[in-house]
Amino acid sequence: MRREKRYWDFLASFTGLALTLAISFSLVIALILLLSATPGKAIFAFFIGPFTNSYYLGNMLNAAVPLVFTGLGISIAFKASVFNLGGEGQIYAGGLAATAVCLALPAANGYLGGVVALIAAMVLSGAIAGLSGFFRMQWNADEMISSFLLSAAVLLIVNHFITGPLDDPKNNLLATLPIGPQYALTRIFPPSKLNVSAPFSLVAAAAVFFFMFKSHAGYEMRMCGLNREFSRYGGINVAAYLVLPMILSGALHGLGGGLMILGTYHATIEGYSFGMGWNGIAVALIAKNNPLGVVPAALLFAYLDAGAKAAMLNADVTFEIAAVAQSFIFFFVTAQALYGFVHRRRRA
Amino acid sequence: MPYLEMKGISKLYSNNLLANNAIDFSVEKNEIHAIIGENGAGKTTLMKILSGLEQPDAGSIFLGGQRVAIRGPLHANRLGIGMVHQHFKLIPEFSVAENVVLGIEPLRGGLFVDTAAAAERIRTVIESHGFSIDPRTKVFALTVGQRQQVEIVRILYRDARLLILDEPTSVLTEQEINKLFDTLRSLQADGKTIIIITHKLREVKEISHRVTVMRKGAVVAVRTTADVDKAELSQLMVGRSVLFQIERSTKACGSPVLALEGVMLKQPGRGRPLLDRINLTVRSCQIVGVAGVSGNGLGELEDVVAGLRKITGGRIFHNGENVSRISAAALRERGLAYVPADRLRRGSSLPSTVMENMIVTNHHRFVRAGFLRGGKIQQFAERLMKGFGIDDGPQVPIGTLSGGNIQKVILARELASTANLLVVSEPTWGLDVASSQFVYEKILAMRGAGAGILFLSSNLDELLGIADTIAVMYRGRIVANLPNDHATSKKMKELIGEYMLGLRDDFASQGRGTPERQT
């Protein structure tokens, strides 16, 4: 009987999401009908566009990769009931750290150097996020606020490096010098930018899932997230689980940022990670903090983004209309997920 | 005709607890009426029904001869009924005036709160009753006694004619209690009717005209206060229930497992320490019972011994080593098992599965290469659940279990460990007789295996049945430490009841000595 109830719960949450998507999609269609001279073309481009050729499709999948990592990072933190709102800065800093390592080792072996670059990205971003966790542990400073403020500062510091010490004078973009060609991750779906970081992101999701639900530390972390008093009573080191999830969360953000540089951009471009931190939070909310749910949630976000871009390129949809349409969907989907999240927390 | 009459009131909570069983209760106009009874006797439930916070499942209420259905707290207010809760419901960041008018703010122009008018009206209420608070002060700056005054002002401001006070003295100092009683007398002289819930017989004698005694959801007696003595009230309140039949083997006590030396727990902003120079020793193979009415320090003693709250003075020893400053985790490693009184927040994590709850204290045993061994855990959980007769599956969230079964999971977990020190607090509260018996057997088995056991309980029958010695706490102090002589249980019970209610104090000379205390 209980199993059946669970099945219904699942169905209810699924139909909830489907309904939300249907409502927001209808609003997007209504918007396009209202504002476009060629609504049929625009609607087709928005919804089907991302699938029409391998370039679009591959790029859409590639855009989902960093969202998987940020979504995983946020899920870990939320599962432990610590709140990392500094994702933006952590991805950005991770990208810079990876770039800096690659630039510092121009002649290194691509695999070895790449691994070092990614480790550097994880260490730097993990340390930035971990700092907020440490403040919480030591002085009970709200990690939600400190991570957000730290991130705001980190963005400016990274910008300093992009336009200052690491600036590429030959490039018109505000970007660092390009990394050596041996570091570029293998493309797996030409002509698109999709690369080996995509399958790696699936492995990462599985690893986070096993960590969370099967490992010793994952158990302690989840217990702390659900009921800190109970955990302390049971002899779990509660203070450590204010810091560790933040470090892991930051490291996953950094890894996402580093992989973007090695796989997609090959240099840190100013503002390349814009919005990814916040979208990571939305992804985690839709996935209900389940690492395996993060992958489809990230794909949904990437699809909406690709659709908006396709509609801009192939129809008379302006950037503003596309942005408004996208915001509709983000807003509704996040609101629905957030509602469930708050509802569950209140009951707990 | 009585001013208030409640007839045949019954209330069944969703966990099948019959909190009120066909209660008849009446109050005359302009009297101070006390309701006394042990924890869980149903006093608060009855008053919650009267103030509209709970709806009765059966029965009727008459106010001034008129039958009324009290639909909610606001409706109760309109009928002239106001309640001061045991835990104040004030917003600390708001001023006294803002707290008082909250919900019925006088408006100016239909939009803005007329703070001047509010302050003026409140000042009238405060002055006419001799309170000592300034309506402009923020509530966080007030003492506990003053906060209580704010609560009383709040219901007077709403023109309450019937005031209900739920254990108003439990948080107050002696002087504050005297001041409160002066206030109550002046309100009574003013024509108000007052109902006061308390555990403390001295207060009943001091303030009330009549007293209703409740036990286990029913009214057992109504008396005119002047006609009863404390001993009779005490007997009525505790009842003469059958003692538990427990097989006991007396074994020589070994070395001290737990020793508290002059343990103090002070909280900033409170005059009275929560724990005041506690000296207590638990030896191996010994069950030390601690009795007390809630609010007298049992909960704090539990926190301190379990390492969940840092003491502000004195020392705690475990097996001869000073453990005053070590964490709960370290205490667990040293061999502490602990069944908390708060089973829903501290003892279990409600959204987690039964399995996950079962291993919180001993999951280290199930780790291989950093991962938990699901199969082993499931076997372990199933074995314990079978032993305690819990029918639910190990994979369901523990929050879906009944209250009694949740407690069994906690007990199974703690009693399964190989502990040398067991701290249990109200372990059988909410359990049926058979389960309770089973728990006692388990505890006695741990005692037989050489563990020292600290048994905190407000259930005297239980303590008399199982404990080797019984200490009694009153207002944060230990006022008695008696060997439990089973042959004279009945006498012991009356004696301990008197200590629990503050009528006796063996260590008064060492305490701060309040003048009212009798010996």
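What you see is a predicted model; the values in this text were computed from it and never measured. (Residues numbered from 1 in each chain as written. Chains lettered and ligands numbered in written order. Predicted model: local features only at pLDDT ≥ 70, side-chain atom pairs only at ≥ 80, totals over all residues.)

Participant: Honestly, the overall build of chain B in this entry has me stumped. Any pointers?
Facilitator: A tally of helices and strands in chain B yields 16 helices and 24 strands. In chain B, the share of contacts with a sequence separation of at least 24, taken over all contacts with a separation of at least 6, comes to 70%. (Helix = DSSP H or I, 4+ residues; strand = E, 2+ residues; numbered from the N terminus. Contact = placed C-beta atoms within 7 Å.)

Participant: It is not clear to me how the overall build of chain A should be interpreted in this structure. Could you clarify?
Facilitator: Scanning chain A from terminus to terminus reveals 13 helices and zero strands. Moving toward the C terminus, one meets the helices and strands of chain A in the order α-α-α-α-α-α-α-α-α-α-α-α-α. Radius of gyration (C-alpha) of chain A: 21 Å, near the 20 Å computed for a compact globule of 348 residues. Dimensions of chain A, computed from the C-alpha atoms along their principal axes, are close to 65 × 55 × 35 Å. Within the span of chain A, comprising 348 residues, buried residues form 51% of the whole. (Rg over C-alpha atoms; globule rule 2.2 N^0.38 Å. Buried ≥ 20, exposed ≤ 12 C-beta atoms within 10 Å, placed from the backbone.)

Participant: I would appreciate a short explanation of the confidence of the model for chain B in the present structure.
Facilitator: Any segment with low pLDDT has predicted coordinates that should not be analysed in fine detail. Per-chain confidence: chain B averages 84 in pLDDT, with 90% of residues scoring 70 or above. The ipTM for the predicted assembly is 0.78, set against a pTM of 0.70. (pLDDT = per-residue confidence, 0-100.)

Participant: Is there a simple way to think about the pairing of strand 12 (residues 218-224) of chain B in this case?
Facilitator: Note on strand geometry: in a regular strand, side chains alternate between the two faces of the sheet. Residues and elements named next belong to chain B. In the sheet, strand 11 (residues 210-215) pairs with strand 12 via six bridges, with the strands oriented antiparallel. Bridge pairing in strand 12 places M214 opposite V219. Here strand 11 folds back onto strand 12, and the loop between the two strands holds two residues, one of which, K216, carries a positive phi near 50°. (Pairing = 2+ DSSP bridges.)

Participant: I would appreciate a short explanation of the nonpolar core in the present structure.
Facilitator: When a protein is soluble and globular, its nonpolar side chains tend to lie buried together. Judged by nonpolar contacts, the single largest core of 246 residues is most densely connected at V68 of chain A together with I453 and V472 of chain B. Sort the elements by how many residues they give to this core and helix 10 (residues 240-265) of chain A lands first, with 14 residues. Setting aside anything within four residues of it in sequence, one finds I453 of chain B in contact with V282, I287, V288, L422, V424, I443, M446 and R447 of chain B. (Core = buried A, V, L, I, M, F, W, Y, C linked by C-beta atoms within 7 Å.)

Participant: Could you clarify how one ought to interpret the sheet that holds strand 14 (residues 275-283) of chain B in this entry?
Facilitator: Paired through their backbone hydrogen bonds, the strands of a sheet run either parallel or antiparallel. If you walk across this open sheet you meet the four strands as 14-13-16-17 (chain B), and the pairing is antiparallel. Both edges of this open sheet fall to strand 14 and strand 17 (321-322) of chain B, since each of them pairs with a single strand only.

Participant: Any chance you could explain helix 6 (residues 143-163) of chain A here in plain terms?
Facilitator: In an α-helix, one turn spans 3.6 residues; hence positions three or four apart end up facing the same way. Residue and element names in this part refer to chain A. With 21 residues, helix 6 extends 30 Å from end C-alpha to end C-alpha; this agrees with the ideal 30 Å at 1.5 Å per step. Every buried residue of helix 6 is listed here: E143, S146, S147, L150, S151, V154, L155, V158 and I162. Of the surrounding secondary structure, the elements contacted by the buried residues of helix 6 are helix 4 (87-104), helix 5 (110-139) and helix 10. (Expected span 1.5 Å × (residues − 1).)

Participant: Please explain the interface of chain B and chain A as it appears in this structure.
Facilitator: Interfaces are often described in size by the accessible area the parts lose on coming together. Chain B puts 21 residues into the contact, and the matching count from chain A is 17 residues. Secondary-structure elements contributing two or more residues to the side of chain B that touches chain A are helix 10 (328-334) and strand 20 (371-372) of chain B. Among the elements that line the side of chain B that touches chain A, the one with the most residues is helix 10 of chain B, at three residues. Taken together, the residues that form the side of chain B that touches chain A break down as 11 nonpolar, six polar and four charged. (Nonpolar A, V, L, I, M, F, W, Y, C, P; charged D, E, K, R; others polar.)

Participant: Please explain the domain arrangement of chain B as it appears in this structure.
Facilitator: Entries for chain B in the domain assignment read domain 1 (4-238), domain 2 (256-335 + 418-510) and domain 3 (351-417). Inter-centroid distance (C-alpha atoms) of domain 1 of chain B to domain 2 of chain B is 32 Å. (Domains from an automatic or database assignment.)

Participant: I keep staring at the environment of M122 of chain A and nothing clicks. Help me out?
Facilitator: Residue and element names in this part refer to chain A. You can see M122 is positioned in helix 5. When the C-alpha atoms of M122 and I247 are compared, they prove to be 9.0 Å apart, with 125 residues separating the residues in sequence. Excluding residues that lie within four positions of it along the chain, M122 makes contacts with A251, G254 and L255.

Participant: Whenever I open this one, the sheet that holds strand 24 (residues 477-483) of chain B confuses me. Can you help?
Facilitator: Residue and element names in this part refer to chain B. Ordered in space as 18-21-22-15-23-24, the six strands form an open sheet in which the pairing is mixed. Every other strand in the sheet has two partners, leaving strand 18 (336-339) and strand 24 as the edge strands with one partner each. Put simply, the sheet's adjacent strands are angled 15° from each other on average, direction ignored. Inspection of the sheet shows strand 21 (residues 421-425) paired to strand 22 (residues 452-457) by five bridges, in the parallel sense. The partner of V424 across the bridge, within strand 22, is F455. In the packing of helix 9 (residues 298-305) onto the sheet, contacts are made with strand 15 (287-291), strand 21, strand 22 and strand 23 (469-474), and the angle to strand 22 comes to roughly 150°. (Axes fitted to C-alpha atoms, helices over the stretch in contact; angles between N-to-C directions.)

Participant: I tried to follow unusual backbone geometry on my own but got confused; where do I start?
Facilitator: Comment: phi is negative for the bulk of residues other than glycine, and the bulk of peptide bonds are trans. For the bond running from P190 of chain A to P191 of chain A, omega is 5°, close enough to zero to count as cis. Considering the arrangement of structural elements, one finds P191 of chain A in the loop between helix 6 and helix 7 (197-214). For S81 of chain A, which is not glycine, the phi torsion reads 55° and is therefore positive. Tracing the chain through its elements places S81 of chain A in the loop between helix 3 (54-79) and helix 4. A tally of 18 C-beta atoms within 10 Å means that S81 of chain A is categorised as partly exposed. Positive phi, close to 45°, is recorded for A22 of chain B, a residue that is not glycine. Examined against the element boundaries, A22 of chain B turns out to sit in strand 2 (residues 18-27). On the basis of neighbour counts, which here come to 14 C-beta atoms within 10 Å, the residue A22 of chain B falls in the partly exposed class.

Participant: Explain the pairing of strand 1 (residues 4-12) of chain B here, please?
Facilitator: Note: strand 1 of chain B against strand 2 of chain B, six bridges, orientation antiparallel. Bridged to L4 of chain B within strand 2 of chain B is V27 of chain B.

Participant: Is there a simple way to think about the environment of T169 of chain B in this case?
Facilitator: For T169 of chain B, the location among the structural elements is in the loop between strand 9 (162-166) and helix 6 (174-189). Leaving out residues up to four positions away in the same chain, T169 of chain B has contacts with I177, L180, T198, K200 and E203 of chain B.

Participant: How should I be thinking about the packing of helix 4 of chain A against helix 5 of chain A in this particular structure?
Facilitator: Working note: a packed helix pair is described by the angle between its axes plus the distance between those axes. Residue and element names in this part refer to chain A. Packing of helix 4 against helix 5 brings their axes to within 8 Å, and their N-to-C directions diverge by 145°. Judged by the twist between their axes, the crossing of helix 4 over helix 5 is right-handed. Counting all contacts with helix 4, which are made through G89, Q90, A93, G94, A97, A98, V101 and C102, the residues of helix 5 involved are G113, V116, A117, L118, A120, A121, L124, S125, I128 and A129. Residues that form the contact of helix 4 with helix 5 fall into these classes: 13 nonpolar, five polar and no charged. (Left-handed = near helix turned anticlockwise from the far one by under 90°.)

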